[in-house]
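Read off the chains here:
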Amino acid sequence: MTAQPDYTGLAGPVPPMRTLAELRAALGVWGFPGDLQRFEQELADADLDDLTHVRGITQAYRHRVLLRCDPQAMAALTRSSEDVASELAQKLGERNSR
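Not measured: the values here are computed from a predicted model.

Trainee: Would you explain the side chain of Asp35 in this entry?
Mentor: If you trace the backbone, Asp35 turns up in helix H2 (residues 35-45). Among the polar contacts made by the side chain of Asp35, one reaches the main-chain amide nitrogen of Phe32 at a distance of 2.9 Å. Within the structure, the side chain of Asp35 is placed 2.9 Å from the side chain of Arg64, a separation counted as a polar contact. Filtering out sequence-adjacent residues up to four positions away, Asp35 remains in contact with Leu27, Tyr61 and Arg64.

Okay, here's the thing in structure tokens:
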């Protein structure tokens, strides 16, 4: 795996995810329900000689853990559709009034 960026901007500690074993451990604690099982299934179904595909899988699941470690991201995920639609309508209204 490649060197990972520093996520010091997130509130709270970010688990190490430099190896598949560390990513598995992080998914077991920080992942969304079912993430670890889906990760294992995607790896099992992947052609392990296709490193670009394997890297894509690992990056996607790393980002899911990072979402769980970021309170702002989690707050955004829990917003209602109506709240998001209202904010978008307000922003579009402001943009169109310029």
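Trainee: For this particular structure, what's the right way to read the packing of aromatic side chains?
Mentor: The way to describe two aromatic rings as a pair is by their centre distance and the angle between their planes. Applying the stated rule across the entire model yields 1 aromatic pair. A ring pair is formed by Phe39 and Tyr61, whose centres lie 5.3 Å apart and whose planes are at 65 degrees; its orientation type is edge-to-face. Highlighted residues: Phe39 in helix H2 and Tyr61 in helix H3 (residues 51-69), separated in sequence by 22 residues. Tyr61 matches Phe39 in its accessibility class, with the two residues each being buried. Seen from the ring of Phe32, Arg68 lies directly overhead, with NZ or CZ sitting 4.9 Å from the centre.

Trainee: Sorry if this is basic, but what is going on with the pattern of salt bridges here?
Mentor: Proximity of charged atoms lets side chains of opposite charge pair with each other. Tallied over the full model, the rule gives 7 salt bridges. A salt bridge links Asp83 to Arg79, with the nearest nitrogen and oxygen atoms 2.8 Å apart. The class of Arg79 is partly exposed, set by a relative accessible area of 33%. What emerges from the salt-bridge pattern is a single network uniting Arg79, Asp83, Glu87 and Lys91.

Trainee: Honestly, the confidence of the model for the protein chain in this entry has me stumped. Any pointers?
Mentor: As a note on interpretation, predicted positions should not be read in detail where pLDDT is low. Averaged over every residue, the pLDDT of the protein chain is 86; the share at 70 or more is 88%. Taking the mean pLDDT of every element in the protein chain, the minimum, 78, falls on helix H4 (residues 71-77) and the maximum, 97, on H2.

Reading guide: rules and limits
- Residues numbered from 1 in each chain as written.
- Predicted model: local features only at pLDDT ≥ 70, side-chain atom pairs only at ≥ 80, totals over all residues.
- Heavy atoms only, no water.
- Helix = DSSP H or I, 4+ residues; strand = E, 2+ residues; numbered from the N terminus.
- Polar contact = N/O pair within 3.5 Å; in protein donor to acceptor, adjacent residues only side chain to side chain.
- Contact = heavy atoms within 4.5 Å.
- Phe/Tyr/Trp six-rings, centres within 6.5 Å; stacked < 30°, edge-to-face > 60°.
- Buried < 20%, exposed > 50% of the residue type's maximum accessible area, 1.4 Å probe, protein only.
- Lys NZ or Arg CZ within 6 Å of the ring centre and 35° of its normal.
- Salt bridge = Lys/Arg side-chain N within 4 Å of Asp/Glu carboxyl O.
- pLDDT = per-residue confidence, 0-100.

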